[in-house]
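What follows is the residue order along each chain.
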Amino acid sequence: CNIYNNYAASGSDILVVEAVNDIHVVLGTFTVLEPDGYFAVNRDNPYDEYEMTFDIQNGWLEQIDHDVYVSTTGDDTNSGTSPEEPFRTIAWALHKVVSNSLESNTVHIAPGTYSQDLNNQIFPLGAKANINITGSESEDTILNNNSSLYVVGFRYKENCLIENLIFNNSYENANSVIKFFDCDNVIFNNIVIEDCNLQDRTVFLYDEEGGSFVFDNVIIRNNTAEGCAGIEMPGRVNVSMKNCILDNNHSVGNLDTGWISNFYCYVRDSLRIENCIFSNSST
């Protein structure tokens, strides 16, 4: 069997759910010779009792242990290692960049609007551990998903920075914008999420083990959702928020479910909120 060059928010090539035995995967070709949690995920494995191991003969992709660059005018056949030779799609850049636990690499995204219609972007993005996703500091790097899925999804990732980006989903009744499951040490800096009409929740962060999340200069405004239209963190997390604005976010779902429109956090050990505004929202 050969499995390679696939895209998903969690386990881009292989996703195993609720394994009840060890799993050994034998392949002629896989995307990479040594799969990490980006390419292969063993999810909801009770008590980490069962392992997924690999015997792979050939790796299809040559990765880059280096910062990479993306531009709306780039090309995925470029080297991607400089602003003069950028990739075109963010998903391909995440495929190519190496997750280096000793020194984090960064996906640099140039100003512009990134969407499926405009420049063949692939959403949702499945982010990597120890990888930073950074837009332009001029606040004009826009990730616009115009499909029913969410924009960014994480599962079992750690040490991630997402900054200088504007997120929106122009698809009517889309699912969500950002979803994280069982992650740790994730930082959102200088982020805007606005003008979305969602079936689920705008930002959903879940971690039973007490993962740490930081929000610095994050604006979430003018969103509606069946669930929480702002930030929902139900899984015993540790959170720091500074200089954030959650404004005009409205839950339009069934009131009997008890959704909170703007902000919900189930704290594990620590919650710090400094210089933040929560306003003009209703359930």
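Residues numbered from 1 in each chain as written. Predicted model: local features only at pLDDT ≥ 70, side-chain atom pairs only at ≥ 80, totals over all residues. Heavy atoms only, no water.

A. Structural context of the state of the cysteines. By the definition in use, this model includes zero disulfides. Counting only cysteine sulfurs, cysteine 183 is the nearest neighbor of cysteine 160, a cysteine outside any disulfide, at a range of 6.5 Å. Judged by relative accessible area, cysteine 160 falls into the buried class, the value being 3%. Free of any disulfide, cysteine 196 has its nearest cysteine sulfur in cysteine 228, 13 Å distant. (Disulfide = S-S within 2.5 Å. Buried < 20%, exposed > 50% of the residue type's maximum accessible area, 1.4 Å probe, protein only.)

B. Expanded view of unusual backbone geometry. Backbone torsion omega between phenylalanine 123 and proline 124 reads 0°, so that peptide bond is classified as cis. Among the structural elements, proline 124 can be located in the loop between helix H2 (116-119) and strand E9 (125-126). Of note, the phi angle at asparagine 5 is positive, near 60°, even though the residue is not glycine. Among the structural elements, asparagine 5 can be located in the loop between strand E1 (2-3) and strand E2 (14-17). Even without being a glycine, asparagine 120 presents a positive backbone phi close to 60°. Residue position: asparagine 120 is located in the loop between H2 and E9. Residue asparagine 120 is classed as exposed on the basis of its relative accessible area, which comes to 55%. (Helix = DSSP H or I, 4+ residues; strand = E, 2+ residues; numbered from the N terminus.)

C. Layout of the sheet that holds strand E22 (residues 250-251). The sheet built from three strands is open, its strands ordered E16-E19-E22 with parallel pairing. Two strands bound the open sheet, and with one partner strand each, they are strand E16 (197-198) and E22. In terms of strand pairing, strand E19 (residues 224-225) meets E22 through two bridges, oriented parallel. When the sheet's bridge partners are listed, alanine 225 is paired in E22 with serine 251. (Pairing = 2+ DSSP bridges.)

Honestly, that's just the spatial picture; any functional story needs more than this.
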